[in-house]
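Structural features, examined
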Amino acid sequence: SRSVFVPKENGVPLTSMIPIKPNLTCSSTSNKSYTLEYGMGIVTDCEFTEGVINGLKELGLAGNQFYLREVNCPSDFGPRGWTSMAERTGADMRDLSGGVDSIGSNNIVWVETPKGLWYRRIPYLWPINAENTWMLNIAKFKTHGMGVTLCCKNIQGTISIPYQAHCSN
């Protein structure tokens, strides 16, 4: 974190909210043979992300400026260590999987995409795309059945249900 994020005069203001999108997709923690190593191939390591947050805090950001966002599988947040990491760092992390109609308009940032090929409006999980934010995408560099690298596809998990389901058989 210290070698990647350095203070600059004309950079991201220290007053910005920092939504972070790790790849927290479903990793079958309900499986009886689950171990922490299971799923590590696709799930971002929470300790790595904690190190990034702590490094950014050394620059003057506060824990309450960080927002960990993932729409899928909130039941995996605890077993994978994300809930306790959010508590240690002061980052906001919560279950926003209820869908666009039930999580409340204050948890959604609608973005117009007038020439969009898939949607004309996209409901992102607040504060993704809100004013005074700088999003940090911490995905795994892997491929997916869709043929898209997860560093790009990871952003799909910042969109509210049912709009986030871009994959199909």
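Basis of the calculations
Residues numbered from 1 in each chain as written. Predicted model: local features only at pLDDT ≥ 70, side-chain atom pairs only at ≥ 80, totals over all residues. Heavy atoms only, no water. Helix = DSSP H or I, 4+ residues; strand = E, 2+ residues; numbered from the N terminus. Buried < 20%, exposed > 50% of the residue type's maximum accessible area, 1.4 Å probe, protein only. Contact = heavy atoms within 4.5 Å. Expected span 1.5 Å × (residues − 1). Arc of directions from axis to C-beta. pLDDT = per-residue confidence, 0-100. Polar contact = N/O pair within 3.5 Å; in protein donor to acceptor, adjacent residues only side chain to side chain. Salt bridge = Lys/Arg side-chain N within 4 Å of Asp/Glu carboxyl O.

1. Describing the side chain of Glu70
Position of Glu70 relative to the elements: it lies in the loop between strand 2 (66-68) and helix 2 (82-89). Classification of Glu70 as buried rests on a relative accessible area of 3%. Sequence-distant contacts of Glu70, defined by excluding residues within four places in its chain, comprise Lys21, Pro22, Asn23, Leu24, Thr25, Phe77, Leu125 and Gly157.

2. Thoughts on helix 1 (residues 46-58)
Relative to the 18 Å expected for 13 residues at 1.5 Å per residue, helix 1 spans 18 Å between its end C-alpha atoms, a close match to the ideal helical length. Those residues of helix 1 that are buried are in contact with strand 1 (18-22), strand 2, helix 2 and strand 6 (136-138). Directly beyond the C-terminal end of helix 1, a positive phi value near 120 degrees is found at Gly60.

3. Describing unusual backbone geometry
Looking along the chain, the bond that leaves Trp126 and enters Pro127 is cis, with omega of 10 degrees. With respect to the helices, strands and loops of the structure, Pro127 is situated in the loop between strand 5 (121-125) and strand 6. Cis geometry marks the peptide bond from Ile161 to Pro162, where omega comes out at 5 degrees. If you trace the backbone, Pro162 turns up in the segment after helix 3 (150-153). For Asn132, which is not a glycine, the phi torsion comes out positive at approximately 60 degrees. Relative to the elements of secondary structure, Asn132 occurs in the loop between strand 5 and strand 6. You can call Asn132 partly exposed: its relative accessible area is 40%.

4. Description of helix 2
Listing the buried residues of helix 2 in full gives Trp82, Met85, Ala86 and Thr89. Viewed end-on, helix 2 has its buried residues packed into an arc of 100 degrees, placing them on one side of the element. Among the structural elements, strand 1, helix 1, strand 2 and strand 3 (92-93) are those in contact with the buried residues of helix 2. Once helix 2 ends, the next one or two residues include Gly90, with phi positive near 85 degrees.

5. Some words on the confidence of the model for the chain
It should be kept in mind that the predicted coordinates are not to be read in detail where pLDDT is low. For the chain, the mean per-residue pLDDT works out to 86, and 86% of the residues sit at or above 70. Confidence scores differ between elements of the chain, with helix 3 showing the lowest mean pLDDT of 72 and strand 2 the highest of 98.

6. Focus: the side chain of Arg69
Mapped onto the secondary structure, Arg69 falls in the loop between strand 2 and helix 2. The class of Arg69 is buried, set by a relative accessible area of 1%. Side-chain polar atoms of Arg69 contact the side chain of Asp92, separated by 2.8 Å. Apart from the residues lying within four places of it in its own chain, the contact partners of Arg69 are Ile20, Lys21, Pro22, Asp92, Met93, Arg94, Leu96, Leu125, Trp126, Pro127 and Ile128.

7. A few points about the pattern of salt bridges
Counted by the stated rule, this structure contains five salt bridges. For Glu50, the salt bridge identified is with Arg88, shortest N-O distance 2.7 Å. Pair noted here: Glu50 is in helix 1 and Arg88 is in helix 2, with a separation of 38 residues, a long-range link. Exposure remark for Glu50: the relative accessible area of 15% places this residue in the buried category. Of the charged contacts, one joins Arg94 and Asp92 as a salt bridge, the two residues approaching to 3.1 Å between their closest N and O atoms.

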